[in-house]
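If you want the building blocks of each chain, they are given just below.
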Amino acid sequence: MTLYNLGSINLDHFYQVPHLPAPGETILAESHSTGLGGKGANISVAAAQAGARVVHIGAVGPDGAWATARLRALGVGTDHIAGVDALTAHAIINVDPAGENAITVFPGANMKQSLKRLESALASAAPGDMLLLQNETNAAPQAAQRAREKGLEVLYAAAPFEPKATAALLPLTDILVLNAVELAQLKAATGLNPDALGPETVIVTEGAQGGRAITTAGEIRFAAFPAETIDTTGAGDTFTGYLAAALHEGQPLEAALRLAAAASALKVTRKGTADAIPSRAETDAFMNAAS
Ligand code: RIB
């Protein structure tokens, strides 16, 4: 069984800053580093670290071979990452002393997904497989439509929030994952509460408060694991990837939520994105130590 992930691939530039810049303000960064990121790539890495077989569908420019190689080294299937005539996407990530961030993404090659490549990537997909999506590439509705036709479950993380993209994907989504801010934005855009959005399962993450899953059978609350926050960047992606992998391996929703919460708590104790996502062994050990 396979997780197919149509997802962004970014070069992340991290700047440790004394505070997040205000409008019109120029600040000096205290340090700079780079690494593999992109919500899509982070989700693929998290799912692979959790133990799932992951096929990433994406695109990089001529400057992006390193990103494909890094994804492969982190356990992700890269046969369906295309080289396209555009710059590999990058992200400018300011991180403040409390571990909060502000991110700007230049989407570049992420917006050059082709329907032909998508079709060939999903050619061997079958019921029991799952398609993962977020809002950092083009062609997500077409991918969801094709996945539905092939009997796949569709898990969609509505980040970064974009009302039109989200409205197009809601009817094609089985499991929706979003944070409390994105939920408020979705409510403002649609006027709908989570149980009326369409997907059978809606999972809302609420940072240090944990979160909740709204299903047709009712609501499940889950707790956050206490952790010393160094950098929250990619914590949501880590949650999503681990959740998808745990559900895919047949864990009940409650157990999958707990594993995902543990992995994302461990992530916030580390700087960086894809390279900072914990392994399954680390996550299991952290979870067991906490109980
Ligand atoms: O969620 C974190 C990610 O958002 C970063 O890796 C950055 O690339 C942006 O996509």
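Look a little higher up for the structure.
Right, let's walk through the structure included here. This one's a predicted model, so the numbers in the text were calculated from it and none came from an experiment.

What follows concerns the packing of aromatic side chains. Inspection of every chain in the model, using the stated rule, returns two aromatic pairs. Residues Phe222 and Phe239 carry aromatic rings whose centres are separated by 5.6 Å and whose planes lie at 25° to one another, so their mutual orientation is stacked. With Phe222 in strand β13 (residues 218-222) and Phe239 in helix α7 (residues 235-248), the pair connects residues that are 17 residues apart, well separated along the chain. Exposure remark for Phe222: the relative accessible area of 8% places this residue in the buried category. Between Phe225 and Phe286, the ring centres sit 5.8 Å apart and the planes meet at 45°, which makes this aromatic pair tilted. Remark: Phe286 occurs in helix α9 (residues 280-290) and Phe225 occurs in the loop between β13 and α7; sequence separation between them is 61 residues. With relative accessibility at 11%, the residue Phe225 sits in the buried group. Residue classification places Phe286 among the partly exposed positions, given a relative accessible area of 21%.

Taken in spatial order, the nine strands line up as β5-β4-β1-β8-β9-β10-β11-β12-β13 in an open sheet, and their pairing is mixed. Two strands in the sheet have a free side with no partner beyond their single neighbour: β5 (77-83) and β13. Averaged over all neighbouring strand pairs, the angle between strand axes comes to 15°, with direction disregarded.

With that out of the way, let us pick up α7. For α7, which comprises 14 residues, the first-to-last C-alpha distance of 20 Å matches the rise-based estimate of 20 Å (1.5 Å per residue) to within 8%. The buried count for α7 comes to 13 of 14 residues, which makes it a mostly enclosed element. Backbone geometry just after α7 places Gly250 at a positive phi near 95°.

Time to look at the site of the ligand. Near the ligand there are 15 residues, and of these Asn10, Asp12, Lys39, Glu136 and Asp237 occur at the shortest range. Take Asp237: an N or O atom from its side chain is 2.7 Å from an oxygen atom of the ligand. With the chains in place, 97% of the 280 Å² that the ligand exposes on its own is no longer accessible. Going through the elements one at a time, β2 (10-16), α1 (39-50), β6 (89-95) and β7 (101-106) are the ones with two or more residues in the shell around the ligand. Classifying every residue of the shell around the ligand gives four nonpolar, seven polar and four charged.

Moving on: the environment of Ala82. Tracing the backbone shows Ala82 in strand β5. Judged by its relative accessible area of 12%, Ala82 falls in the buried class. Sequence separation between Ala82 and Thr190 is 108 residues; the distance between their C-alpha atoms is 35 Å. For Ala82, the residues in contact, after removing those within four places along its chain, are Gly58, Ala59, Val60 and Arg117.

Burial along strand β1 (residues 3-6) is two-sided: the residues Leu3 and Asn5 and Tyr4 and Leu6 are all buried. Relative to strand β4 (residues 54-60), β1 is paired through four bridges, and the arrangement is parallel. Bridging from a neighbouring strand, Leu3 pairs with Val54 of β4. The pairing of β1 with strand β8 (residues 130-133) spans four bridges and is classified as parallel. What sits directly across from Leu3, in β8, is Met130.

Rules of the game
Residues numbered from 1 in each chain as written. Predicted model: local features only at pLDDT ≥ 70, side-chain atom pairs only at ≥ 80, totals over all residues. Heavy atoms only, no water. Phe/Tyr/Trp six-rings, centres within 6.5 Å; stacked < 30°, edge-to-face > 60°. Helix = DSSP H or I, 4+ residues; strand = E, 2+ residues; numbered from the N terminus. Buried < 20%, exposed > 50% of the residue type's maximum accessible area, 1.4 Å probe, protein only. Pairing = 2+ DSSP bridges. Axes fitted to C-alpha atoms, helices over the stretch in contact; angles between N-to-C directions. Expected span 1.5 Å × (residues − 1). Near = heavy atom within 4 Å. Polar contact = N/O pair within 3.5 Å; in protein donor to acceptor, adjacent residues only side chain to side chain. Areas by Shrake-Rupley, 256 points an atom, 1.4 Å probe, with all protein chains shown as cover. Nonpolar A, V, L, I, M, F, W, Y, C, P; charged D, E, K, R; others polar. Contact = heavy atoms within 4.5 Å.

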